[in-house]
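# Structure assessment
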Amino acid sequence: MSEQSSTLDGQKPPIGEAQRGEVARPHRRRTLFSASGGIKPGMLSHWYAIPAIIVGLLFTLGPICVIVAFSFMSQPDVGGGVVYKFSTNAYKKLLFTTDFLGRTSFDPRYLKVFGTSLWQALVTTFICIVLSFFIALWMSLRKPSTQRLLVLLINIPFWTNLIVRTYAWMLILNENGPINGFLKFIGAGSKQLLYTSGASLIGLIFTFLPFAIMPMYSALSGFDFRLVEAAYDLGARKLTVMRRIILRAAKPGVTSAVALCFIPAFGSYVQPVLLGGGRVLMVGNLIASQFSEARNWPFGAALSTVILLITLLCGVAASIGGGKAARDAGMAV
């Protein structure tokens, strides 16, 4: 009777616990791809990402699995391709050779190719790190409008094809190029600059220098340079400020630059072929020759697998070192 009278008086009847639950959580129609938990408005269920994940894995891990599988196959007697028969001869060929009499001996030829690639990659990375640090430090001290312009200028090489840029260096370094023209003008005579290991190294440095500048600039652009002024006020010397403050703040950029320069430079192909003229044999050239001229696909796949493992180890080391450097930089700031 009281409930009826309250309704007649214009007041709402009391809401029970079941009604409160219905008001707080409105009924949602469950579909085939709906998630078990609550989804925020405007968001899709995680099931919708499955097709994209499958396509991504297919086009990334798929070729890698094929190359790794080919490295454990046998080479056919005639022609290229593989014979679907398990064999580890491709990996044995990396270190050993067998003559016509069946005698096996140690063969250091391919280790020398890896050594050349490692040396070129290390020199390229070191020079790119040194140059990019001072360039990024100078950029971070400019006013914001100038910084944006400088970042644009650094990104201009990415607008041009790599082969076109490499051919430009071929024109610069050849016998009739501007460098040899200047040497002839001062009486030093013409020099063999093209088709040398130095030309290949110049091409690698020019190619990967922007990849080192950008992460270095990203690390230094947000640095508070008032810390440097405070260090000078406390009596610190320039080398001490550079080593304990600026370099420590730039560690995350250094780690990223090492990964972005060393890993692709180790397996580069274009610069040693065009600028080195094939005289500088690196791993990338060796792999290409195994799949083309030599027609030894299992050995080429084995070389690719070794590079893949080296790249994976470098990536893991860079990830661990980058995280530690970021924490150290945060502690420094």
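Remember, predicted model here, so these are calculated numbers, not experimental data.

### Here we look at the overall build of the protein
Scanning the protein from N- to C-terminus turns up 15 helices and 2 strands. A burial count over the protein gives 31% of its 333 residues as buried. Long-range contacts, defined as pairs at least 24 residues apart, comprise 63% of the intrachain contacts of the protein with a sequence gap of at least 6. For the protein, the exposed surface amounts to about 21600 Å²; the carbon and sulfur share of it is 67%.

### Points about the packing of aromatic side chains
Following the criterion strictly, the structure yields 13 aromatic pairs and no others. Seen from their ring centres, phenylalanine 133 and phenylalanine 134 are 5.3 Å apart, and the 75 degrees between their planes marks the pair as edge-to-face. Phenylalanine 133 gets classed as buried once you look at its relative accessible area, which sits at 7%. The interplanar angle of 70 degrees and the centroid separation of 5.6 Å between the aromatic rings of tryptophan 169 and phenylalanine 206 together place this pair among those described as edge-to-face. Note that tryptophan 169 is positioned in helix α7 (residues 162-173) and phenylalanine 206 in helix α9 (residues 197-221), a separation of 37 residues in sequence. These aromatic residues form a ring-pair network of at least three members: Phe70, Phe291 and Trp297.

### Topic: the packing of α7 against helix α8 (residues 178-185)
Running from amino to carboxyl end, α7 crosses α8 at an angle of 15 degrees, the nearest separation of the two axes being 5 Å. Judged by the inter-axis angle, α7 sits roughly parallel to α8. Contacts between α7 and α8 pair Leu171, Ile172 and Leu173 from the former with Pro178, Ile179 and Asn180 from the latter.

### Describing the pattern of salt bridges
Per the stated rule, a full pass over the model turns up 2 salt bridges. Residues arginine 109 and aspartate 107 are paired through a salt bridge, measuring 2.8 Å at the closest nitrogen-oxygen approach. One salt bridge in this structure joins aspartate 224 and arginine 226, with 3.0 Å as the shortest N-O distance.

### Describing the UniProt feature "transmembrane region" (unreviewed entry) in the protein
Per the UniProt annotation, the sites labelled "transmembrane region" (unreviewed entry) are residues 47-73, 118-138, 150-173, 193-217, 253-277 and 297-321. The straight-line gap between the two end C-alpha atoms of residues 297-321 is 36 Å; of that span, 100% is helix and 0% is strand.

### A few points about the side chain of serine 74
Within the secondary structure, serine 74 sits in the loop between α3 (50-71) and α4 (89-92). Engagement of the side chain of serine 74 in a polar contact is seen with the backbone oxygen of lysine 85, the distance being 2.9 Å.

### Side note on the nonpolar core
If you look at the biggest cluster of nonpolar residues, it comprises 44 residues, and the most contacted ones within it are Met216, Leu220 and Ile246. For this core, the secondary-structure elements that each account for two or more residues are α5 (109-140), α6 (144-155), α9, α10 (226-233), α11 (238-249), α12 (251-266), α14 (283-291) and α15 (297-332). No other element matches the 11 residues that α5 contributes to this core. In contact with leucine 220, other than residues within four places in its own chain, are Phe133, Ala136, Leu137, Ser140, Phe225, Ile246 and Ala250. Grouped together as the second largest cluster of nonpolar side chains are 6 residues, Leu173, Leu194, Leu274 and Leu275 included.

Rules behind the numbers
Residues numbered from 1 in each chain as written. Predicted model: local features only at pLDDT ≥ 70, side-chain atom pairs only at ≥ 80, totals over all residues. Heavy atoms only, no water. Helix = DSSP H or I, 4+ residues; strand = E, 2+ residues; numbered from the N terminus. Buried < 20%, exposed > 50% of the residue type's maximum accessible area, 1.4 Å probe, protein only. Contact = heavy atoms within 4.5 Å. Areas by Shrake-Rupley, 256 points an atom, 1.4 Å probe, with all protein chains shown as cover. Phe/Tyr/Trp six-rings, centres within 6.5 Å; stacked < 30°, edge-to-face > 60°. Axes fitted to C-alpha atoms, helices over the stretch in contact; angles between N-to-C directions. Parallel < 35°, antiparallel > 145°, perpendicular 65-115°, else oblique. Salt bridge = Lys/Arg side-chain N within 4 Å of Asp/Glu carboxyl O. UniProt positions renumbered as here; feature names shortened; annotations may be inferred. Polar contact = N/O pair within 3.5 Å; in protein donor to acceptor, adjacent residues only side chain to side chain. Core = buried A, V, L, I, M, F, W, Y, C linked by side-chain atoms within 4.5 Å.

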